[in-house]
Amino acid sequence: DLRFGTGGVVWNTALALVDHLVEHPALISDKQHIIELGSGTGFIGIACSILLSTGVGSTCPAGGLPDGPRITVTDYESVIPLLREHIGLNDVAGGVEAATLFWGHTDVSEFGTPVDAVLMADVAFTDAYAELATTLANLCGPETLVLHGYKSRRGNVGQLFFEEIKRHGFTTEALDLPSSVIGWPDGWADGVTLYQHRLRKVLA
């Protein structure tokens, strides 16, 4: 939905991240609270809810239960109506909720930090890279899994984000692309990389 700009598009990095979870479902099978940052359409969070309810070792039935895994898709307030529409269309309202999260401004403690997992795709190319890094650090603890779909672009602006999260104490590990992505049409996977970030433990 181009009325929402970049937030109204399902990007290739999001497809790659979801395909990675399809191939490695154990990554999220035991996660009780998952947050997606810069959700846009909500594709990643909605896909996670469907995966958790259809065979990744979870006992959560389709649509979720109040005591089942909680998935929060987040974006600017203006994008929330689109997220809620997609949650309804995919019948996952019991397991997925939409919430406003303005990087660097929203008090993320309201999400019950640290969360179990943070998922994000195509978010690093922003002038607000420092605010995004701060928000990520505030959401995470040493046990939080962070999966990041990234696409390199002209100027490599996204590298500023990587430098900033390193300053916050995150490690970064490149992951193998899923076999499905390797089979994409020529050019579709160009520049697409999946990363896992972890916040290092602070020694007393």
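Placed above this text is the structure.
Below: a short report on this structure.

Conventions we followed
Residues numbered from 1 in each chain as written. Predicted model: local features only at pLDDT ≥ 70, side-chain atom pairs only at ≥ 80, totals over all residues. Heavy atoms only, no water. Core = buried A, V, L, I, M, F, W, Y, C linked by side-chain atoms within 4.5 Å. Buried < 20%, exposed > 50% of the residue type's maximum accessible area, 1.4 Å probe, protein only. Helix = DSSP H or I, 4+ residues; strand = E, 2+ residues; numbered from the N terminus. Contact = heavy atoms within 4.5 Å. Salt bridge = Lys/Arg side-chain N within 4 Å of Asp/Glu carboxyl O. Phe/Tyr/Trp six-rings, centres within 6.5 Å; stacked < 30°, edge-to-face > 60°. Axes fitted to C-alpha atoms, helices over the stretch in contact; angles between N-to-C directions. Parallel < 35°, antiparallel > 145°, perpendicular 65-115°, else oblique. Left-handed = near helix turned anticlockwise from the far one by under 90°. Nonpolar A, V, L, I, M, F, W, Y, C, P; charged D, E, K, R; others polar.

1. What about the nonpolar core?
So, point 1. Counting residues in hydrophobic clusters, the biggest one holds 32 residues, and the most contacted among them are Leu21, Ile34, Ile44, Cys48, Ile87, Leu119 and Leu147.
So, point 2. Broken down by secondary-structure element, the contributors of at least two residues to this core are α1 (12-23), α3 (43-53), β2 (70-75), α4 (80-89), β3 (96-100), β4 (117-121), β5 (145-151) and β7 (192-199).
So, point 3. No other element matches the 6 residues that α3 contributes to this core.
So, point 4. Dropping the residues within four chain positions of it, Ile34 is found in contact with Ile28, Leu52, Arg70, Ile71, Thr72, Ala117 and Leu119.

2. Description of the side chain of His20
So, point 1. Mapped onto the elements of the fold, His20 is located in helix α1.
So, point 2. With a relative accessible area of 7%, His20 lands in the buried category.

3. Section: the pattern of salt bridges
So, point 1. Under the criterion given, the structure shown has 3 salt bridges.
So, point 2. Ionic pairing is found between Arg167 and Glu164, a salt bridge with its closest N-O pair at 2.7 Å. Placement of both Arg167 and Glu164 in helix α6 (residues 159-167) is noted, with a separation of 3 residues, approximately one turn of the helix.
So, point 3. For Arg167, a relative accessible area of 59% puts it in the exposed group.

4. Some thoughts on the packing of aromatic side chains
So, point 1. Applying the stated rule across the entire model yields 6 aromatic pairs.
So, point 2. For the pair Tyr76 and Phe102, a centre-to-centre distance of 5.6 Å together with 65° between the ring planes defines the contact as edge-to-face. Highlighted residues: Tyr76 in the loop between β2 and α4 and Phe102 in the loop between β3 and β4, separated in sequence by 26 residues.
So, point 3. Residue Phe102 is classed as partly exposed on the basis of its relative accessible area, which comes to 40%.
So, point 4. With centroids separated by 5.1 Å and ring planes inclined at 65°, the aromatic side chains of Phe162 and Tyr195 adopt a geometry described as edge-to-face. Note that Phe162 is positioned in helix α6 and Tyr195 in strand β7, a separation of 33 residues in sequence.
So, point 5. With a relative accessible area of 11%, Phe162 lands in the buried category.
So, point 6. Put simply, the rings of Phe125, Tyr150, Phe161, Phe162 and Tyr195 touch in pairs and so form one group of aromatic residues.

5. Brief notes about the environment of Gly169
So, point 1. With respect to the helices and strands, the residue Gly169 is situated in the loop between α6 and β6 (170-175).
So, point 2. Linking Gly169 and Leu199, residues 30 residues apart in sequence, is a C-alpha distance of 5.7 Å.
So, point 3. The residues contacting Gly169, other than those within four sequence positions of it, are Arg198, Leu199 and Arg200.

6. Concerning α3
So, point 1. Most of α3 is tucked away: 9 of the 11 residues are buried.
So, point 2. Along α3, the residues that are buried comprise Ile44, Gly45, Ile46, Ala47, Cys48, Ser49, Leu51, Leu52 and Ser53.

7. Topic: the packing of α1 against α3
So, point 1. Where α1 meets α3, the axes come as close as 10 Å, and the angle between the chain directions of the two elements is 15°. With respect to α3, the element α1 is oriented roughly parallel. Crossing hand, α1 versus α3: right-handed. Residue-level contacts link Ala14, Leu15, Leu17, Val18, Leu21 and Val22 of α1 to Phe43, Ile44, Ala47, Cys48 and Leu51 of α3.
So, point 2. Of the residues belonging to the contact of α1 with α3, the class tally is 11 nonpolar, no polar and no charged.

By themselves, these are just geometric observations and shouldn't be taken as functional.
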